[in-house]
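Per-entry structural report
Residues per chain are reported as follows:
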Amino acid sequence: MQKVYEALKQGSDVRNNLIQLKQMLKEEGALEEYLSMTEDDELIASFLQDEDAKIRKNAALILGLLQSQESIEKLWEAYVSETQLFVKGAYLSAIQKLDCRAYETQIKRHYQKLLAYEPAEEEKKHIQDELKELRRLVIQFDGGISRHPFIGYDKPGDFILTTIKNYQDTTGVQVESGATRMIPMGVQVVGGNIREALNIRTFREILFTLRCEKNLPPQPNVIAKELAKSNLKRILSELHEGEAPFYFRLEIRGSMPLDKKSMFAKKLAAEIEQRTHHFLVNSTEHYEVELRLVQNRNGGFYPCMKLFTIPMKRFAYRKYTTAASMHPSLAALLTELASNWLVEHARVLDAFCGTGTLLMERIYALGVRSAYALDIFGDAIQGARENAGIAHMNINFVQKSFFDFTHEQKFHEIWADFPVRGKKTKEEQDEFYQAFFEKVQELLEERGRIFMFCNENGMTKKYLRLHENLHLKQEFCIREKDGAYFYIIEMRKPQAAEPDMSGATDIPTT
């Protein structure tokens, strides 16, 4: 670093040495080393007046890394007088790292002026970069982004309740208001009551539909134009308190390669800001709105919108989770599919409870007499206990293997979300299933039921064939892609064999 600094003092190869110094200062301990070599930053600040725009840009960025408060005035003056658009963002980036409250009025004035500016095509990228940096400063001055309270619970809305493929009807029949139509994504609702919909437990997300072209071409300017003239702005204004802007992020779903997707999203976000006159402002950190574009087989995009302003209270109990935790909407779907087989005031056992999601959704579906939950992992049990406390549910959590558990009373229901095979061999997994089907018979009441979710269809059917007292009542293919099935099995005593009369002969009468 000393060599680079000395070269800069001599004015030798300034552009490359500034770039090298900038990279060095990002390394751990480099800032302290630099400050030990010089008492002030006059040398670096002097380069803000250089004829080379790239030298001015790198000098500004270095002053930001140095957090050089003494250079704030020079940075601001350089920013105001700068004629090269691509350099302006660097000054603002540096100013953000300093105490710049004395310039709050000027910064906000520049921000409003730039919002009203209509840039030429070749200016758009640099203007967007400058706006982004100014916006960060404005947010910093205002103590963060002002959130928009959601007030649209009882206003009719058009939305999609996303569901697992092939189980749209399970959610659709629960929609009380509005017209419904089953689509690949889930249940499309027109004129529905949002408050009522939010009480349904079996959907995953609520996405608001927009009145615009539904098959948008992969062209940022066309997509932005369609979104701007849709009812998007009206929806946001009617469902929330407060004024614009609304901060948004883009979610692009489809087969587009990651590098192209990133470039596409960046261009589209800038176009949306411009087309909506900054009613919508892109932010990857403080967004309240997600604009989602779902790519179809033909390469076009279906547009919809997710609102993070809606407090989601359905699964508020779910504070603690693990990577293996079942999503609560899936757990709710399984209990809904099992609804005809549930018994009120049942004694219920969850064999592999994790953080308790499946058992708790079972209790939400229908009250139980008692509930036990087992898991060998202490962290999971502790998390499940905390979750149950939030839900005010009385569940007996036991850190013990299902195969070692005993109880004086037998259970009416045993629920099991089977662990995936992971590093187990096929033979080890087979032994696991064999042990499970033997153990349940010790713990289950006559006519008791097993509700099991797993992705080992072959092993499940094998052990059902080997245990004639276990009867498969219903099965559901939940996810065909990974072979995930949900089984409802009932235990009955084996029926006494009928006497074999095949060799009998008629007895003659006299």
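Further up the page is the structure itself.
Keep in mind that what you see is a predicted model, and the values were worked out from it rather than measured.

Before going further, it helps to examine the layout of surface pockets. For the second largest pocket, the calculated volume is near 900 Å³. Taken together, 31 residues line the second largest pocket, and the ones lying closest to its centre are K132, K266, A269, A270 and N282. For the lining of the second largest pocket, the element with the highest residue contribution is helix 14 (residues 258-275), accounting for 10 residues. Residues belonging to the lining of the second largest pocket are distributed by class as follows: 8 nonpolar, 10 polar and 13 charged.

This paragraph deals with the pattern of salt bridges. By the definition in use, this model includes 31 salt bridges. The salt bridge involving D99 is made with R101; its shortest N-O contact spans 2.9 Å. D99 gets classed as partly exposed once you look at its relative accessible area, which sits at 39%. Judged by its relative accessible area of 61%, R101 falls in the exposed class. For K125, the salt bridge identified is with D129, shortest N-O distance 3.4 Å. Residue K125 and its partner D129 are both found in helix 9 (residues 124-141); the two are separated by 4 residues, about one turn of the helix.

Take the sheet that holds strand 12 (residues 411-417) next. Across the sheet, 7 strands lie side by side as 11-10-9-12-13-15-14; this open sheet has mixed pairing. Both outer strands of the open sheet, strand 11 (396-399) and strand 14 (470-479), are each paired with one neighbouring strand and no more. In this sheet, adjacent strand axes meet at a mean angle of 15° when their direction is disregarded. Direction of pairing for strand 14 relative to strand 15 (residues 484-491): antiparallel, over a ladder of 8 bridges. Note on strand 15: the bridge partner recorded for Q474 is I488. Contacts from helix 16 (residues 357-365) reach strand 9 (346-350), strand 10 (368-375) and strand 12, with the element oriented near 175° to strand 10. Against the sheet, helix 18 (residues 426-443) engages strand 9, strand 12, strand 13 (444-454), strand 14 and strand 15, with an angle of about 150° to strand 13.

This part takes up the nonpolar core. In terms of nonpolar packing, the biggest core is built from 46 residues, with L8, L18, L21, I44 and L75 touching the most fellow members. Excluding its chain neighbours within four sequence positions, the residues that come into contact with L18 are L8, I44, F47, I55, N58, A59 and I62. Core analysis: the second largest hydrophobic core is formed by 43 residues, L227, M256, I272 and M305 among them.

Further remarks concern the sheet that holds strand 2 (residues 179-183). Taking strand neighbours across the sheet as the criterion, the 8 strands line up as 2-3-1-4-8-7-5-6 in an open arrangement whose pairing is mixed. This sheet does not close on itself; its edge strands, each paired only once, are strand 2 and strand 6 (280-282). When strand polarity is set aside, the average angle formed by the axes of neighbouring strands in this sheet is 35°. In this structure, strand 7 (residues 289-295) lies alongside strand 8 (residues 301-307), joined through 7 bridges in antiparallel fashion. Its bridge partner being in strand 8, R292 is matched across the sheet by C304. Contacting strand 5 (246-253), strand 6, strand 7 and strand 8, helix 14 crosses the sheet at an angle of about 145° to strand 5.

Quick look at the packing of helix 2 (residues 14-24) against helix 5 (residues 53-65) now. Where helix 2 contacts helix 5, the two axes come as close as 9 Å, and the packing angle between them is 25°. Relative to helix 5, the element helix 2 lies roughly parallel. In the crossing of helix 2 with helix 5, the sense of the turn from one axis to the other is left-handed. Counted together, V14, R15, L18, I19, L21 and K22 of helix 2 and K54, I55, N58, A59, L61, I62 and L65 of helix 5 form the full contact between these two elements. Taken together, the residues of the contact of helix 2 with helix 5 sort by class into 9 nonpolar, 1 polar and 3 charged.

Rules used throughout
Residues numbered from 1 in each chain as written. Predicted model: local features only at pLDDT ≥ 70, side-chain atom pairs only at ≥ 80, totals over all residues. Heavy atoms only, no water. 1 Å grid on protein atoms, 1.4 Å probe; cavity = no way out; pocket = protein on both sides within 12 Å on 5 of 7 lines; lining within 4 Å. Points joined across faces, edges and corners; volume = space filled by probe spheres on them. Helix = DSSP H or I, 4+ residues; strand = E, 2+ residues; numbered from the N terminus. Nonpolar A, V, L, I, M, F, W, Y, C, P; charged D, E, K, R; others polar. Salt bridge = Lys/Arg side-chain N within 4 Å of Asp/Glu carboxyl O. Buried < 20%, exposed > 50% of the residue type's maximum accessible area, 1.4 Å probe, protein only. Pairing = 2+ DSSP bridges. Axes fitted to C-alpha atoms, helices over the stretch in contact; angles between N-to-C directions. Contact = heavy atoms within 4.5 Å. Core = buried A, V, L, I, M, F, W, Y, C linked by side-chain atoms within 4.5 Å. Parallel < 35°, antiparallel > 145°, perpendicular 65-115°, else oblique. Left-handed = near helix turned anticlockwise from the far one by under 90°.

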